[in-house]
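Each chain, letter by letter, is given below.
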Protein chains: 2
Amino acid sequence: MGETSTCDVAIIGAGPSGLFAVFECGMLGLSSHVFDALPEIGGQCTALYPEKPIYDIGGLPAISAGDLIANLEAQAAPFNPVYHLGSQVTHLTEGPDGRFTIANERGDTVNAGAIILAAGAGAFGPNRPPIAALPDFENISVFYACRNTAQFTGKKIVIAGGGDSALDWAIALADIAGKVTLVHRRDKFRGAPASVAALERLVGEGKVELAVPFQLSDILGEDGQITHARLTSMDDEIRDIEADALLCFYGLSHDLSFAHEWGLHLEKKELPVNAATCETSRAGIYAVGDIACYEGKLKLILTGFAEGAIAAHAIYKRLHPETPLHFEYSTTRGLPGAA
Amino acid sequence: MGETSTCDVAIIGAGPSGLFAVFECGMLGLSSHVFDALPEIGGQCTALYPEKPIYDIGGLPAISAGDLIANLEAQAAPFNPVYHLGSQVTHLTEGPDGRFTIANERGDTVNAGAIILAAGAGAFGPNRPPIAALPDFENISVFYACRNTAQFTGKKIVIAGGGDSALDWAIALADIAGKVTLVHRRDKFRGAPASVAALERLVGEGKVELAVPFQLSDILGEDGQITHARLTSMDDEIRDIEADALLCFYGLSHDLSFAHEWGLHLEKKELPVNAATCETSRAGIYAVGDIACYEGKLKLILTGFAEGAIAAHAIYKRLHPETPLHFEYSTTRGLPGAA
């Protein structure tokens, strides 16, 4: 490990709740370092659906997930958060002074007065189909998220999966791609009824072709460029489908093992918190966003924002027990860090 | 009273929390009517500080209060809320079916399955100085809020009051108006230290003139157009200050008498709610925003947004106890009302 940085709050998770926690901490004069296993900020918003519009952020009638993250980054920026991306936090210890030392796999080490866990569904990555050649094609012609629809204009696209993401992108790309084939190992889809209806309409119009019940069994091509997706049916029928790109939507893999290691009480893959403070079962460790649970909890981005404010205020009291918080509104004072 | 309209939820208060509650109810298929004593939507945002920037709405790095209200109105619009503005709600009864009938002074009558109180600090209006001629000048040359700074360009402005609003507008208008005189009955100001310092700097530069300790005692002028503000000192010295406009910032008057009348438990001018549902002491009546209190409550606009979501979900369960809520994200389904 290299040098140890010091700050008020170490935030684990750079999704919307974690980013807004930087802002709320900053408004109270608390400095932050932010850790995320993903190489970019934004969590699921960036990794899974950057181009999808979100309608239920208060005050934002419609915004793409990517733009929301850009806004949250700009909102946090005046408070100079330090980002440690692309490496998972693996180490947490508490000193006799009640401060924490955390480090990621790369060895970035931070000493912080409090921890905010904003880890969403846990450190995640895409579930991958069991195909040996897969790594050679990833991010060249095989993708687990759709970041830029324009790159698929006129192309032959194979989409694998049966849930909402697979359906949504089959629908979204039907008018952009040259050909869309949707592969699913069952003949029923798990998506929202409206999406299933929209898909059936597109299949009827010849804009999407179904390959069901088939399973993706291999990738043909070279130098990372797929030429065909090989499909196998339940009775071993093999079909090779021409493809310029393959999009796999098999869900996310979650890893919440850190919770056990750090002595945090976990309930159904969530961390119960005191709703008045967002503190977990361990003093000094707080949780906000989808990973936090309490009675009446709603898993909404705007709920994560409110929890960030609650956690920041509770942490202020933990770190400055003698100094009453002189609560001020941004309309009165503007941004303290921006002075 | 005229005809009675029927809806799922009657929302009292058209400030940011009330407007966003319309959206959250709409997302669950619940229709809303919205009541407010003020003639415009927006509550304090519109009435007191429409041009002030707000920095602490999640996802919005900076937005004026007026633009925030415009966004919230647009966000609520797909769900067709019915607004009843400019008349105070004076009547509430509960039927044997557990539904409520509410009516305002004008006689607009609505039957609703649940009530959301989003009344902020209560039905409010500006505190007025005790000057008989005042009503003749209001909204012509005497104002209690600053809606449009441009109208004061080059003018002689007298500002009365000693708190943050008076200070903020003295500072904001110092470079726009021809002359700014700030009248306060004491020689100390109650505003934020940074604002007091900024004011002192402007006084030193001759951009703001102080008249302290003086009290506003009369208005001279005719046809609604002020020519002079008459000031009186503690030892009865009278001073007439030339003025094209007078801005009075004496705070807000609150009226929470409805809470007693409706049998709601009130604590320190706030309504205690169950944080998991936002329900008040009376079943079927919910409270969100600044008027609602619970352990850990923060009076922030974004907290009011989250409470609107919580109340909407609780109301859905109240009105549809047999139908489990199929919870869906706006990213998955878009806006149900906009289909």
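Relevant structure appears above.
My aim in this report is to walk through the structure given alongside it, one point at a time.

## Some remarks on the interface of chain A and chain B
Turning to step 1, where the next piece is worked out: Counting from both sides, the interface comprises 45 residues of chain A and, opposite them, 45 residues of chain B.
Turning to step 2, where the next piece is worked out: In total, chain A and chain B occlude about 3700 Å² of area from one another, counting both sides; carbon and sulfur atoms represent 67% of this.
Turning to step 3, where the next piece is worked out: Counting across the interface, chain A meets chain B through zero salt bridges.
Turning to step 4, where the next piece is worked out: For the side of chain A that touches chain B, the element with the most residues is helix 8 (residues 301-319) of chain A, which contributes seven residues.
Turning to step 5, where the next piece is worked out: Taken together, the residues that form the side of chain A that touches chain B break down as 25 nonpolar, eleven polar and nine charged.

## Some points on the packing of aromatic side chains
Residue and element names in this part refer to chain A.
Turning to step 1, where the next piece is worked out: Evaluated as defined, the whole model comprises ten aromatic pairs over all chains.
Turning to step 2, where the next piece is worked out: With centroids separated by 5.3 Å and ring planes inclined at 20 degrees, the aromatic side chains of Phe20 and Phe23 adopt a geometry described as stacked. Separated by three residues within a single helix, Phe20 and Phe23 lie in helix 1 (residues 16-27), roughly one turn from each other. Phe23 shares its class with Phe20; the two are buried.

## A closer look at the packing of helix 8 of chain A against helix 8 (residues 301-319) of chain B
Turning to step 1, where the next piece is worked out: Two elements in contact, helix 8 of chain A and helix 8 of chain B, have axes separated by 9 Å at closest approach and are oriented at 135 degrees. With respect to each other, helix 8 of chain A and helix 8 of chain B are oriented oblique. In this structure, helix 8 of chain A crosses over helix 8 of chain B, and the sense of that crossing is left-handed. Contact residues: helix 8 of chain A offers Leu302, Thr303, Phe305 and Ala306 of chain A, while helix 8 of chain B offers Leu302, Thr303, Phe305 and Ala306 of chain B.
Turning to step 2, where the next piece is worked out: By residue class, the composition of the contact of helix 8 of chain A with helix 8 of chain B is six nonpolar, two polar and no charged.

## Let's talk about the packing of helix 1 (residues 16-27) of chain B against helix 3 (residues 65-76) of chain B
Two numbers describe a pair of packed helices, the interaxial angle and the distance between the axes.
Residue and element names in this part refer to chain B.
Turning to step 1, where the next piece is worked out: Interhelical geometry of helix 1 versus helix 3 gives an angle of 20 degrees and a closest axis separation of 8 Å. What the angle tells us is that helix 1 and helix 3 run roughly parallel. When you trace helix 1 past helix 3, the crossing you get is left-handed. Residues Pro16, Leu19, Phe20, Val22 and Phe23 of helix 1 form the contact with helix 3, whose participating residues are Ile69, Leu72, Gln75 and Ala76.
Turning to step 2, where the next piece is worked out: Split into classes, the residues belonging to the contact of helix 1 with helix 3 amount to eight nonpolar, one polar and no charged.

## Observations regarding helix 8 of chain B
Turning to step 1, where the next piece is worked out: Taking 1.5 Å of rise per residue, the 19 residues of helix 8 of chain B would be expected to cover 27 Å, and the 27 Å separating its terminal C-alpha atoms lies within 8% of that figure.
Turning to step 2, where the next piece is worked out: Most of helix 8 of chain B sits out of view: 15 of its 19 residues are buried.

## A word on the relation of the copies chain A and chain B
Turning to step 1, where the next piece is worked out: In screw terms, the move from chain A to chain B is a rotation of 180 degrees and a rise of 0.0 Å along the axis, fitting with an RMSD of 0.1 Å. On the angle and the small slide along the axis, the relation comes out as a two-fold axis. Across chain A, the smallest distance between a C-alpha and the rotation axis is recorded for Ala306 of chain A, namely 3.3 Å.
Turning to step 2, where the next piece is worked out: The overlap is high: 100% of the interface residues of chain A also sit at the interface in chain B, so the same surface is used on both sides.

## Some details on empty space enclosed by the protein
Turning to step 1, where the next piece is worked out: Following the criterion strictly, the structure yields one cavity of 30 Å³ or more and no others.
Turning to step 2, where the next piece is worked out: By volume, the largest cavity amounts to about 40 Å³.
Turning to step 3, where the next piece is worked out: Of all the secondary structure elements, the ones that give two or more residues to the lining of the largest cavity are helix 8 of chain A together with helix 8 of chain B.
Turning to step 4, where the next piece is worked out: In terms of residue class, the lining of the largest cavity is built from six nonpolar, two polar and no charged.

Each value, and the rule that gives it
- Residues numbered from 1 in each chain as written.
- Chains lettered and ligands numbered in written order.
- Predicted model: local features only at pLDDT ≥ 70, side-chain atom pairs only at ≥ 80, totals over all residues.
- Heavy atoms only, no water.
- Contact = heavy atoms within 4.5 Å.
- Buried area = accessible area lost by both parts, 1.4 Å probe.
- Salt bridge = Lys/Arg side-chain N within 4 Å of Asp/Glu carboxyl O.
- Helix = DSSP H or I, 4+ residues; strand = E, 2+ residues; numbered from the N terminus.
- Nonpolar A, V, L, I, M, F, W, Y, C, P; charged D, E, K, R; others polar.
- Phe/Tyr/Trp six-rings, centres within 6.5 Å; stacked < 30°, edge-to-face > 60°.
- Buried < 20%, exposed > 50% of the residue type's maximum accessible area, 1.4 Å probe, protein only.
- Axes fitted to C-alpha atoms, helices over the stretch in contact; angles between N-to-C directions.
- Parallel < 35°, antiparallel > 145°, perpendicular 65-115°, else oblique.
- Left-handed = near helix turned anticlockwise from the far one by under 90°.
- Expected span 1.5 Å × (residues − 1).
- Least-squares fit on C-alpha atoms with pLDDT ≥ 70 in both.
- 1 Å grid on protein atoms, 1.4 Å probe; cavity = no way out; pocket = protein on both sides within 12 Å on 5 of 7 lines; lining within 4 Å.
- Points joined across faces, edges and corners; volume = space filled by probe spheres on them.

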